[in-house]
Amino acid sequence: MTETGDGPAAGTSHEAGAGSGYEAGVGSGYAPAAEVRKVARVVLLDPDDRILLLHGHEPEDPGQTWWFTPGGGLEGEESREEAALRELAEETGITEVELGPVLWRRHCSFPFAGRRWDQDEWYYLARTTQTATAPAGLTELETRSVSGLRWWTSAELSAARETVYPNRLAELLDALLDDGPPSPPLDLAPEIV
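Residues numbered from 1 in each chain as written. Predicted model: local features only at pLDDT ≥ 70, side-chain atom pairs only at ≥ 80, totals over all residues. Heavy atoms only, no water.

Turning our eyes to something else, we now look at the overall build of the protein. Assigned secondary structure in the protein consists of 5 helices and 10 strands. When the 193 residues of the protein are sorted by exposure, 49% land in the buried category. (Helix = DSSP H or I, 4+ residues; strand = E, 2+ residues; numbered from the N terminus. Buried < 20%, exposed > 50% of the residue type's maximum accessible area, 1.4 Å probe, protein only.)

This part takes up the nonpolar core. Within the largest apolar cluster, 19 residues are counted, with the highest numbers of intra-cluster contacts made by Val43, Ile51, Leu53, Trp104 and Leu157. Only β1 (37–45), β2 (51–58), β5 (97–112), β6 (115–128) and α5 (169–179) provide two or more residues apiece to this core. For this core, the element with the highest residue contribution is α5, accounting for 5 residues. Among all residues touching Trp104, those that are not within four sequence positions of it are Val43, Glu121, Trp122, Tyr123, Leu169, Leu172, Leu173, Pro185, Leu186 and Leu188. (Core = buried A, V, L, I, M, F, W, Y, C linked by side-chain atoms within 4.5 Å. Contact = heavy atoms within 4.5 Å.)

What follows concerns the pattern of salt bridges. In the structure shown here, the tally under the stated rule is 13 salt bridges. The closest approach of N and O atoms between Asp46 and Arg50, which form a salt bridge, is 2.5 Å. The partner of Glu87 in a salt bridge is Arg86, with the nearest N and O atoms 3.0 Å apart. Exposure remark for Glu87: the relative accessible area of 1% places this residue in the buried category. By sharing partners, the salt bridges in this structure join Glu75, Glu78, Arg86, Glu87 and Glu90 into a single network. (Salt bridge = Lys/Arg side-chain N within 4 Å of Asp/Glu carboxyl O.)

Time to look at unusual backbone geometry. Here the bond from Tyr165 into Pro166 is cis, since omega is 0°, no more than 30 degrees from zero. With respect to the helices and strands, the residue Pro166 is situated in the loop between β8 (164–165) and α5. In this chain, Ser183 is followed by Pro184 through a cis amide linkage whose omega measures 0°. By the secondary structure assignment, Pro184 is in the loop between α5 and β9 (186–187).

In this section: the packing of aromatic side chains. Within the structure shown, the criterion is met by 4 aromatic pairs. Taking 5.6 Å as the distance between ring centres and 50° as the angle between the ring planes, the aromatic pair formed by Trp104 and Tyr123 counts as tilted. One end of the pair, Trp104, is in strand β5; the other, Tyr123, is in strand β6, with 19 residues separating them in the sequence. No difference in accessibility class separates Trp104 from Tyr123, as the two residues are buried. The residue whose ring lies beneath Arg80 is Trp122, and the NZ or CZ to ring-centre distance is 4.1 Å. (Phe/Tyr/Trp six-rings, centres within 6.5 Å; stacked < 30°, edge-to-face > 60°. Lys NZ or Arg CZ within 6 Å of the ring centre and 35° of its normal.)

Have a look at this one:
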């Protein structure tokens, strides 16, 4: 697994638009990101239409928590689809998936683990019957910042009082379950933390 930008804006992630994110980092105490990182994320649904989310936290502040979708940065020459499947396997242990279309795209910028992350994220729909999880490929940073995973129903996600990324995930999931995948993919508003 590559270094992960699974901080507050990860699910996830806060979008930075077309900018470099440097302006958002000025005075924040975080070093600006050198470039926009290409990320593939997975909206994984089980046969009961539950979504799998990871529970993350700032490595040095376990009290600062959020939920986000599996996924991460592209490695080498791999495609976003390849990255989505690899990251899903590494972070959850789930390999029996049917990868579907891109649902949403977004840009985000957020501080995490002492630096600023600027990401261009694509969210893929995926379905699985494999609901047991066994993360086995977490990076050192992920082992310090991911505290678990959980399957959520749409109703549970809508009622959640915890931070979930992307910010409108409950609403987006409801629309997906009611109307099916959007065509073309939705461009979500940038999120900057």
